[in-house]
Amino acid sequence: MGRLALFFWLLICFLPGFHAHASEVLLTTSTYEPYVIEQTGEISGLVPDIVCAAFHESNVNVVFRFQPWKRGEEKVASGEFYGTFPYLRTEQRSEKFEFSDPVINFFPKFFYKKSKFPNGLSWQNLKDLNVYVIGGVLGYWYEKSFKDAGLRVQYVTTDQQNIGKLMLGRIDLTLMDELVGWRLIRQAFPEQVDAFAVAGKPESSDAFRLMISRSYPNAKELTETFNAGLQIILKNGKYAEILNEYGVSMEYATLR
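The following paragraphs examine the structure supplied in this document. (Residues numbered from 1 in each chain as written. Predicted model: local features only at pLDDT ≥ 70, side-chain atom pairs only at ≥ 80, totals over all residues. Heavy atoms only, no water.)

Topic: the nonpolar core
Okay, step 1: If you look at the biggest cluster of nonpolar residues, it comprises 53 residues, and the most contacted ones within it are Tyr 35 and Tyr 82.
Okay, step 2: Broken down by element, the residue count for this core peaks at seven residues, all from helix H2 (residues 46-56).
Okay, step 3: In terms of nonpolar packing, the next biggest core, distinct from the first, is built from 17 residues, Trp 123, Leu 129, Ala 149 and Leu 151 among them. (Core = buried A, V, L, I, M, F, W, Y, C linked by side-chain atoms within 4.5 Å. Buried < 20%, exposed > 50% of the residue type's maximum accessible area, 1.4 Å probe, protein only. Helix = DSSP H or I, 4+ residues; strand = E, 2+ residues; numbered from the N terminus.)

What follows is the structure, encoded as structure tokens:
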């Protein structure tokens, strides 16, 4: 599939009401670049494009609504929306929600300034990092493991804040998805990207999924439709082409 063809089917997927004869599914999300990008009210990014392409295989029209994470979770739980993304499946979340098959791999790594670690950062266990001050984000997946390891963590509400604190030397490390971290650094400090580095060892490995309502009409059937469409685009090249459009390697593909 060429770029023009890819652009065309993504465009029609996002046009409200284009598939008047098709089923429709409502999803909510928020900014998490490059996985989710919002520009002047338009939603794009790796995950929206993959979701759209997978549902497109069954002629299901996808409607995205942009709102804060917490509000989105509440509306998914109540059945107002079919699902939200990108989310990791956790034991706590699984008590309230269902989850799709893996959509895209997730590699969180520790970011640092080269001036602090001129020889790089090597670590084996989280306890190896208890001599450092780490920037965390409230509500993220690592809160319990950080606490269990006895790490010194300063929590804020966004990854952007931790990038700024890292630049100012107020923290030594911060843990982020690698794609997200480098994008935030390039946005915040475009002339000083080379001042930052990332540890080679991921803190964990997982995959983002759709987090799905148990109350939305036909949710189970829609999830089966999405999962089947995801496997189709993984095999026919559309998935790879989406990753290529965003400059992301196939290391992130959830090939099965």
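Regarding the sheet that holds strand E12 (residues 196-198)
Okay, step 1: Overall, mixed pairing links the five strands, which are arranged E10-E9-E11-E8-E12 in an open sheet. Every other strand in the sheet has two partners, leaving strand E10 (152-156) and E12 as the edge strands with one partner each. Each strand axis lies, on average, 35° off the axis of its neighbour in the sheet, ignoring direction.
Okay, step 2: Note that strand E9 (residues 133-137) and strand E11 (residues 173-177) share two bridges and pair parallel. Across the sheet, the residue bridging to Ile 134 is Leu 173, located in E11.
Okay, step 3: Lying on the sheet, helix H6 (residues 159-168) is in contact with strand E8 (108-113), E9, E10, E11 and E12; it crosses E11 at an angle near 145°.
Okay, step 4: Its contacts with the sheet place helix H7 (residues 178-188) against E8, E11 and E12, and it is angled at close to 115° to E11. (Pairing = 2+ DSSP bridges. Axes fitted to C-alpha atoms, helices over the stretch in contact; angles between N-to-C directions. Contact = heavy atoms within 4.5 Å.)

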